[in-house]
Amino acid sequence: MNTLQFLTRALSGEAWSITPQALEHLQNLVTSGQALKVETDHRPPQAAVQRVPLVRGNGKTVALVTFHGVVISRAPEWAESCGYVSPQRLAAQVRQLADDSSVAAIVLSIDSPGGTVAGTIEAADAVAYARTRKRVTACVNDVACSAAYWVASQASEIVVTPTAMTGSIGVIITHADYSKMLGAVGIAVTYIRSALKKALGQPYEPLSEDARAEFQATVDSIHTQFVQAVAKGRRKARRTVADTWATGEVWVGADAVTQGLADRVATLSTVIGEQAGVIAASEPPPLAPDPDEGEDDDPEARASPDPTATGSPPDAEQTSATEDPPPPPEAGSSTDPTPAPEAQEDPMNIAAISAKLASGELLTAEERRFLDDYLNAQQGDAPSTAGVDPSSLSPEVRALIDQANARAAAAERTANAERDNRLNREFRERALALGQPAAFGATLRAAHEKLSAEEYKALEQSLNATGAQLDLTGETGSSQDNRSSGNVQAEYERRVQAHIKEHPQASRAEAGRAVLAADPQFLARYRG
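Given the structure is predicted, the values throughout are model-derived calculations rather than measurements.

Participant: Please clarify how the overall build of the chain should be interpreted in this entry.
Facilitator: On a plain count of helices and strands, the chain comes out with 18 helices and 13 strands. Of the contacts made within the chain by residues no fewer than 6 positions apart, 69% connect residues no fewer than 24 positions apart. Total accessible area computed for the chain in this model is approximately 26400 Å², and 51% of it derives from carbon and sulfur atoms.

Participant: Mind showing me how you'd approach the packing of helix α7 (residues 209–234) against helix α8 (residues 238–245) here?
Facilitator: Axis angle and axis distance: for two packed helices, these are the angle between their axes and the distance between the axes, and together they describe the pair. In contact at an axis separation of 8 Å, α7 and α8 are set at 115° when each is read in the N-to-C sense. α7 and α8 meet at a crossing whose hand is right-handed. Every residue of α8 that contacts α7 at Val-227, Gln-228, Val-230, Ala-231 and Arg-234 is listed here: Arg-238, Val-241, Ala-242 and Trp-245. Its residues placed into classes, the contact of α7 with α8 shows six nonpolar, one polar and two charged.

Participant: Help me understand the environment of Ala-511 in this model?
Facilitator: In this structure, Ala-511 sits in helix α17 (residues 508–518). On a C-alpha basis, the gap between Ala-511 and His-499 in space is 6.0 Å, while along the polypeptide they are twelve residues apart. The residues contacting Ala-511, other than those within four sequence positions of it, are Val-496, His-499 and Ile-500.

Participant: Would you take a moment to explain the environment of Gly-201 for this structure?
Facilitator: Looking at where Gly-201 falls in the secondary structure, it is placed in the loop between α6 (179–184) and α7. Remark: the alpha-carbon pair of Gly-201 and Phe-215, spanning 14 residues in sequence, is separated by 8.3 Å. Beyond its immediate stretch of four places on either side in the chain, Gly-201 contacts His-175, Leu-207, Ala-211 and Phe-215.

Participant: Explain the pattern of salt bridges here, please?
Facilitator: If the charged atoms of two oppositely charged side chains come close together, the side chains can form a pair. Overall, the coordinates contain twelve salt bridges when judged by the stated rule. The partner of Asp-99 in a salt bridge is Arg-133, with the nearest N and O atoms 2.8 Å apart. Of the two residues, Asp-99 is situated in the loop between α3 (87–98) and β6 (103–112) and Arg-133 in the loop between α4 (120–131) and β8 (135–145); the sequence distance between them amounts to 34 residues. With relative accessibility at 41%, the residue Arg-133 sits in the partly exposed group. Ionic pairing is found between Arg-445 and Glu-449, a salt bridge with its closest N-O pair at 3.2 Å. Of this pair, Arg-445 and Glu-449 are both found in helix α14 (residues 441–450), four residues apart, which corresponds to roughly one turn of the helix. We classify Arg-445 as buried; its relative accessible area is 13%. Via salt bridges that share partners, Arg-135, Glu-157, Arg-264 and Glu-274 belong to a single interconnected network.

Participant: Is there a simple way to think about the confidence of the model for the chain in this case?
Facilitator: Interpretation of the predicted coordinates at a detailed level should be avoided for regions scoring low in pLDDT. Summary statistics for the chain give a mean pLDDT of 76 and a share of 65% for residues scoring 70 or more. Low confidence marks residues 39–45, where pLDDT is under 50. Its contacts with residues over four positions away, or in another chain, come to ten contacts. Note that pLDDT drops below 50 for residues 307–338; the model gives that stretch 60 contacts with residues more than four away or on any other chain.

Participant: Before we go on, may I ask you to explain the pairing of strand β1 (residues 15–18) in this structure?
Facilitator: Consecutive side chains of a regular strand alternate in pointing toward one face of the sheet and then the other. Side chains Ala-15 and Ser-17 of β1 all project onto a buried face; the interleaved residues Trp-16 and Ile-18 project onto the opposite face, where all are buried too. Across two bridges, the pairing between β1 and strand β11 (residues 172–173) is antiparallel. For Trp-16, the partnering residue across the bridge sits in β11 and is Ile-172. As paired elements, β1 and strand β7 (residues 114–116) share three bridges and run antiparallel to each other.

Participant: Looking at this model, I keep getting lost on the packing of aromatic side chains. Mind explaining?
Facilitator: How two aromatic rings sit relative to each other is set out by the distance from centre to centre and by the angle between their planes. One pass over the structure, following the stated rule, counts two aromatic pairs. For the pair Trp-150 and Phe-226, a centre-to-centre distance of 4.4 Å together with 15° between the ring planes defines the contact as stacked. Pair noted here: Trp-150 is in helix α5 (residues 147–152) and Phe-226 is in helix α7, with a separation of 76 residues, a long-range link. The burial state of Trp-150 is the same as that of Phe-226; both residues are buried. For the ring pair Tyr-178 and Tyr-204, a centre distance of 6.1 Å and an interplane angle of 45° mean the geometry is tilted. With Tyr-178 in the loop between β11 and α6 and Tyr-204 in the loop between α6 and α7, this pair connects stretches of sequence that are 26 residues apart. Under the relative-accessibility criterion, Tyr-178 is labelled partly exposed at 29%. Judged by relative accessible area, which is 36%, Tyr-204 ranks as partly exposed.

Participant: Which parts of the structure should I look at to understand the side chain of Ser-109?
Facilitator: As for its position among the elements, Ser-109 is in strand β6. A polar contact is formed between the side chain of Ser-109 and the side chain of His-68, at a distance of 2.9 Å. Among all residues touching Ser-109, those that are not within four sequence positions of it are Leu-64, Val-65, Thr-66, Phe-67, His-68, Cys-139, Asn-141 and Leu-268.

Participant: Is there a simple way to explain the nonpolar core in this structure?
Facilitator: What tends to happen in soluble globular proteins is that the nonpolar side chains get buried as a cluster. With 52 residues, the main nonpolar core has Phe-67, Ile-106, Leu-108, Ile-110 and Ile-158 as its most contacted residues. If you tally residues by element for this core, the top one is α7, at eight residues. If we skip the residues at most four places from it in the chain, Ile-110 touches Phe-67, His-68, Ala-138, Cys-139, Val-140, Asn-141, Asp-142, Val-143, Ala-144, Ala-148 and Ala-152. Counting residues in hydrophobic clusters, the runner-up holds 15 residues, among them Val-52, Ala-266, Ile-272 and Ala-276.

Rules used throughout
Residues numbered from 1 in each chain as written. Predicted model: local features only at pLDDT ≥ 70, side-chain atom pairs only at ≥ 80, totals over all residues. Heavy atoms only, no water. Helix = DSSP H or I, 4+ residues; strand = E, 2+ residues; numbered from the N terminus. Contact = heavy atoms within 4.5 Å. Areas by Shrake-Rupley, 256 points an atom, 1.4 Å probe, with all protein chains shown as cover. Axes fitted to C-alpha atoms, helices over the stretch in contact; angles between N-to-C directions. Left-handed = near helix turned anticlockwise from the far one by under 90°. Nonpolar A, V, L, I, M, F, W, Y, C, P; charged D, E, K, R; others polar. Salt bridge = Lys/Arg side-chain N within 4 Å of Asp/Glu carboxyl O. Buried < 20%, exposed > 50% of the residue type's maximum accessible area, 1.4 Å probe, protein only. pLDDT = per-residue confidence, 0-100. Pairing = 2+ DSSP bridges. Phe/Tyr/Trp six-rings, centres within 6.5 Å; stacked < 30°, edge-to-face > 60°. Polar contact = N/O pair within 3.5 Å; in protein donor to acceptor, adjacent residues only side chain to side chain. Core = buried A, V, L, I, M, F, W, Y, C linked by side-chain atoms within 4.5 Å.

Rendered as structure tokens:
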């Protein structure tokens, strides 16, 4: 059994940045007496931080930080199961993740109407610090109002779900006057002060003009800090934030993006999938300069763009598609200087591989190796370097990983056939270019896989010079295949020799190409 007496303390003259509905709920909770006893044994708090392994592995993870509930300064840890968040504990968690080299990026899942101002600045500063170390994405899922938006505005980008509520920028202080209620039962409370402005605004006396003015000054001061923090985090002019955003209004879904409070619309699952490499990442648009910035002398708001605001997490491994230039032709050789088929380097992630397969493109050897390594790691055939216990992940996160596994399994089922088709086609064409039958491509492929690069190069040079067919692997095929291939090859040899006799300057490869080009029907037999 626990009590929520910390709420009564927080509601006693504390400055709040919270939606009016949430504040009214807290006040009703306290005045009704429901805050005095709360059963928590059957409501264990959800893990505040979960780690999702990157698809590429390397021991890196994406940290998913849960920021769900009303912000209450120094709320006890058990109160998280009742819908309250300690901003001090949140700040400590974020700073720890920012300094953790195994964390590639941080995702904040925010569902909070705001709360006490006390502690909010500390949490916002922690997010701003983390943003300088790695990419921090604040996902409004489904409320980020008042103090919660204060924290979110310091992230690298803000993503809202289609129905998310964002905004309510402002500060409020409440005063409850119980003097008439006490007077009705014959109780009078008297305050004796050492100074006229000592402890103004007590609940058992009417709100005086001095107390009202003091409260208003406090609200205005905190509101100014709120506007400055949002302007700096979102790189907007303070005047724009104060006049357009800090009106107490709340925007839903894409409206927050239109107003500039958020960057794009997406679900939490999409954001996690992007950061973990499960799906293709969406580049958040750069923050456009505000039209009022020239009128507002705000150098901090006009700081250079945050390098973590766009692109992949800085710790995520990056590769680019490249292709080696073909080697120069050998002296005395008229064969096309086309190199033997080799694997090309492509970006390594499940999304890219899935997209290639969906479009009918063929996978490279490197992509196949990546798929093998990834599937082995997921199936437990290789030790996990991410240090993540799958049972500790939420169902939503586990579903994302299962989806990645399903896509990888589908790619695995087709990748071998795709690769074989590509290599068979390329080596058949290579055999023809060397003046050999198309069926000789299988022998060339086997040689390419078994010989060193230098040995295979020497073999091609020998074939180009002599046109000899060599039994490279000891695999001579069936007698029927040999007879069929031999008949066509014998005719091919006769035609090539006749062409060379008519054109003494032509090489054997040139003669072979000319013979095949002159008779399409014979070309079909030769390639078949």
